Amino acid sequence: MAVDSFEDVDGKVYTADSFKDKYVVFNFIESTCPFEGCNMNFKMFKYLIYDEFEGNEGFEDAVIVSQIFGKDALERIKTIRADLGINKDKWIFVKGDYQPFFDLELERGNPWVKEDTIFGYDREAKIMSVLKDRDGYLRGKYVTTIADEVMRITKDISMLKKEQRDRLKTKK
């Protein structure tokens, strides 16, 4: 079942309408990051995705939403955001109990019930990023711990933008 709304670490509330007409990369981060047991390399993700979104023309309508789970999540993420110089409107950190942002069944298994076999997490989703297109459809699933997988995100967004342009041309 989809979440109706969620709150970021600064108290701002988001709903599905907050991301209308945006490409959104969702992922989940263990609060022990970037230390032992981390499911995500923050510096790699910042360099490969966030810096592309923040610094390049064509990604104005793309954001990252990361749900933080585990103890001390709020303080940890504020520290990480400050240390990495992250724009809170471009990379949104969400607090709260672990839950998926939307209802999802995939052919290869539901990552919210399938056990992770790489790091031993109880859910595979804890090592994943997923991409939602501007129309609200899930368009990509990526293993966040693998740089080549993370690099596919911006390529896939560029491809989706091309699809959208082509659709608009055929409607004219």
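Residues numbered from 1 in each chain as written. Predicted model: local features only at pLDDT ≥ 70, side-chain atom pairs only at ≥ 80, totals over all residues. Heavy atoms only, no water.

## Let's talk about the overall build of the chain
At step 1: A count of helical and extended segments in the chain gives 3 helices and 7 strands.
At step 2: Ordering the α and β elements of the chain from the N terminus gives β-β-β-α-β-α-β-β-β-α.
At step 3: Across the 172 residues that make up the chain, the buried fraction comes to 45%.
At step 4: For the chain, the proportion of contacts with a sequence separation of at least 24, taken over those separated by at least 6, is 67%.
At step 5: Approximately 9,600 Å² of the chain is accessible, and the part contributed by carbon and sulfur atoms is 49%. (Helix = DSSP H or I, 4+ residues; strand = E, 2+ residues; numbered from the N terminus. Buried < 20%, exposed > 50% of the residue type's maximum accessible area, 1.4 Å probe, protein only. Contact = heavy atoms within 4.5 Å. Areas by Shrake-Rupley, 256 points an atom, 1.4 Å probe, with all protein chains shown as cover.)

## Here's the deal with the confidence of the model for the chain
At step 1: This prediction gives the chain a mean pLDDT of 76; 71% of its residues lie at or above 70.
At step 2: In the model of the chain, strand β1 (residues 5-7) stands out as the element of lowest mean pLDDT, 80, in contrast to strand β5 (residues 91-94), which has the highest, 88.
At step 3: Here residues 100-110 scores under 50 on pLDDT; set against residues more than four positions off or in separate chains, the count is 31 contacts. (pLDDT = per-residue confidence, 0-100.)

## Brief notes about the packing of helix α1 (residues 42-55) against helix α3 (residues 147-171)
At step 1: As a packed pair, α1 and α3 sit with axes 9 Å apart at the nearest point and diverge in direction by 5°. Judged by the inter-axis angle, α1 sits roughly parallel to α3. The segment α1 lies against α3, with Met44, Phe45, Leu48, Ile49, Glu52 and Phe53 engaging Ala147, Val150, Met151, Ile153, Thr154 and Ile157. (Axes fitted to C-alpha atoms, helices over the stretch in contact; angles between N-to-C directions. Parallel < 35°, antiparallel > 145°, perpendicular 65-115°, else oblique.)

## Focus: helix α2 (residues 73-84)
At step 1: The terminal C-alpha atoms of α2 lie 16 Å apart, and with 12 residues this matches the ideal 16 Å at 1.5 Å per residue to within 8%.
At step 2: Listed in full, the buried residues belonging to α2 are Ala73, Arg76, Ile77, Ile80, Arg81 and Leu84. Buried residues of α2, seen end-on, are gathered within an arc of 130° and therefore sit on one face of the element. α2 presents Glu75, Ala82 and Asp83 as exposed residues on the side facing more than 90 degrees away from its buried surface.
At step 3: Structurally, α2 contributes buried residues whose contacts are with α1, β4 (62-69) and β5.
At step 4: Phi turns positive one or two residues past the end of α2, at glycine 85, with a value near 65°. (Expected span 1.5 Å × (residues − 1). Arc of directions from axis to C-beta.)

## Some thoughts on the pairing of strand β7 (residues 138-143)
Looking along a regular strand, one sees side chains alternate from face to face of the sheet.
At step 1: Where strand β6 (residues 128-132) lies against β7, 5 bridges are found, and the strand directions are antiparallel. Considered in β7, the bridge of methionine 128 is made with valine 143.
At step 2: The antiparallel hairpin formed by β6 and β7 contains 5 residues in its connecting segment, where glycine 136 sits at a positive phi of about 95°. (Pairing = 2+ DSSP bridges.)

## Overview of the nonpolar core
At step 1: In this structure, Phe45, Ile49, Phe53, Ile64, Trp91, Phe93 and Ile157 are the most contacted members of the largest nonpolar core, which totals 27 residues.
At step 2: With 7 residues, α1 is the single largest residue contributor to this core.
At step 3: Counting 11 residues, the second-largest nonpolar core is a separate cluster that includes Tyr14, Val24, Ile92 and Val94. (Core = buried A, V, L, I, M, F, W, Y, C linked by side-chain atoms within 4.5 Å.)

## Observations regarding the environment of glutamine 67
At step 1: With respect to the helices, strands and loops of the structure, glutamine 67 is situated in strand β4.
At step 2: Separated by 60 residues in sequence, glutamine 67 and glutamate 7 have C-alpha atoms that sit 9.8 Å apart.

## Quick notes on the pattern of salt bridges
At step 1: Inspection of every chain in the model, using the stated rule, returns 10 salt bridges.
At step 2: Its salt-bridge partner being lysine 46, residue aspartate 51 comes within 2.9 Å of it at the nearest N-O pair.
At step 3: We note a salt bridge from aspartate 61 to lysine 161, for which the minimum N-O separation is 2.8 Å. With aspartate 61 in the loop between α1 and β4 and lysine 161 in helix α3, this pair connects stretches of sequence that are 100 residues apart. Here aspartate 61 and lysine 161 have matching classes, each one buried.
At step 4: Here the salt bridges share partners, and the residues they tie into one network are Asp61, Arg134 and Lys161. (Salt bridge = Lys/Arg side-chain N within 4 Å of Asp/Glu carboxyl O.)

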